[in-house]
Amino acid sequence: MGFAACVKVLIAMMGTREKTMNRKALLTGFTVIALGIIVAGGGLIYLQQTASGTDTLGTPSIPNILGPSGPYILAVPFPDVNDSYPVYRTVPPDTSAEEIRRIGNLFGVSGDVKGPQTSNGEAKIVDDSKGSAERFYYYTNSGAFRYSIPEKEYPNTPDRQPNLPSDEEARVIAATYLKERGLLPEDVHFEEVRIGCSYESSTLTSHTVYTLTKQVSFIKEIQGLQVYHAGVGVTIVENGEVVSAGSTLRKFDPKPVRDVKIVTPEQAYQRLSSGDVVIQPLSEDYDKIVVTNISLGYWMETKTEPQKYIVPVYVFSGLAVWDGKSEEIVRYVSAIDPSEVQDLT
């Protein structure tokens, strides 16, 4: 019996994919994580979990403060940070049908624009003119977009290992593909190549694993700080064919609104220990979570949500341990208090 498993990365995909898929986490707050669900046989089923944490009345988007998730052990010194950092104002996306068709045409997708849906701001173009259906999605709340050939991005059960490019070849293919379409700005940099879909089959005497797709991700920095929860990504299949690409990065005014005071790393760690985090998992039975890295970055909202300001966030990464097992995890903590940005509305 065999099964296929795919991870549908939100081109953050980015990043900013949150580094791990927590074994028990159902994410709330303001995030969207789309997971490929393991299924037997030829088809794949995908579950998209969505939640909102944005005040649509125009209040600056601040990470939500939610429930407990310890215990944490600090195994790294606190980083040196400035007392304050810039806050940036986003630029409202062009939501016209003409703009949606223009970006879709970059991927060779043409047709009528359907939507956007009022629930998530998703508009789409479906192009069935080339055999394999191509789809282009545009999110009017953020300007994020995604091109996909679904039947190739999420392949059925294989009978052999596909001829995939090496990781370095995949990086070059993805970068070239994006540059040719003007979708790889100078401030967006290569992050990594990772497995997208894989297939496993086991019998009493053998175990077979096929890698079906590779995903290449790119990240953005603002004044030397990484943007989290958003990025650029490409999916590559056999013979180097690109079968999906897109971006969840938002446009923003490069001139800061102003600097805002941030909490100290020590204060952020206290919030982490008490469960005051941006992305809140359900109750966990970890024996301990060892924090091995602390950094500061900028947070971009889920592509389906509006966002008026881009604000700093602390990033805690480490190792969760339970029953002799372990997995990497990442937690995000707001770097500012809501009172610091109330006057920005």
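Right above here is the structure, for reference.
Residues numbered from 1 in each chain as written. Predicted model: local features only at pLDDT ≥ 70, side-chain atom pairs only at ≥ 80, totals over all residues. Heavy atoms only, no water.

1. What to know about the nonpolar core
Phe107, Phe136, Phe218, Tyr314 and Phe316 are the most contacted members of the largest nonpolar core, which has 67 residues in total. Considering every element that reaches this core, the biggest residue donor is strand E19 (residues 309–322), with seven residues. Apart from residues no more than four positions distant in its own chain, Phe316 is found in contact with Pro265, Ala268, Tyr269, Leu272, Val291, Asn293, Ile294, Ile329, Val330, Arg331 and Val333. (Core = buried A, V, L, I, M, F, W, Y, C linked by side-chain atoms within 4.5 Å. Buried < 20%, exposed > 50% of the residue type's maximum accessible area, 1.4 Å probe, protein only. Helix = DSSP H or I, 4+ residues; strand = E, 2+ residues; numbered from the N terminus. Contact = heavy atoms within 4.5 Å.)

2. Overview of the environment of Arg271
Considering the arrangement of structural elements, one finds Arg271 in helix H4 (residues 265–273). A sequence separation of 62 residues divides Arg271 from Val333, and the C-alpha atoms of the two residues are 7.2 Å apart. In this view, Arg271 contacts Val263, Asp276, Val333, Ser334, Ile336 and Asp337; residues no more than four positions away in its chain are not counted.

3. Quick word on the packing of aromatic side chains
Following the criterion strictly, the structure yields 15 aromatic pairs and no others. Both rings, one in Phe107 and one in Phe145, keep their centres 6.2 Å apart while their planes meet at 50°; by these two values the pair is tilted. Here Phe145 lies in strand E9 (residues 145–148) and Phe107 lies in the loop between helix H1 (97–106) and strand E7 (122–127), a separation of 38 residues in the sequence. The exposure classification of Phe107 matches that of Phe145, with both residues buried. Taken together, the aromatic side chains of Phe107, Phe136, Phe145, Tyr147 and Tyr177 make up a single cluster linked through ring pairs. Positioned above the aromatic ring of Phe190 is the side chain of Arg171, whose terminal nitrogen or guanidinium carbon lies 5.9 Å from the ring centre. Directly above the aromatic system of Tyr177 lies the positively charged group of Arg181, at a separation of 3.6 Å from the ring centroid. (Phe/Tyr/Trp six-rings, centres within 6.5 Å; stacked < 30°, edge-to-face > 60°. Lys NZ or Arg CZ within 6 Å of the ring centre and 35° of its normal.)

4. Some points on unusual backbone geometry
Geometrically, the link from Gly115 to Pro116 is a cis peptide bond, its omega value of 10° lying close to zero. Checked against the element boundaries, Pro116 lands in the loop between H1 and E7. The phi torsion at Gln223 lies on the positive side, around 50°, for a residue other than glycine. Looking at the secondary structure, you find Gln223 in the loop between strand E13 (214–222) and strand E14 (225–228). Gln223 gets classed as exposed once you look at its relative accessible area, which sits at 69%. Located in the positive-phi region is Asp323, a residue other than glycine, with phi close to 50°. By secondary structure assignment, the location of Asp323 is in the loop between E19 and strand E20 (325–334).

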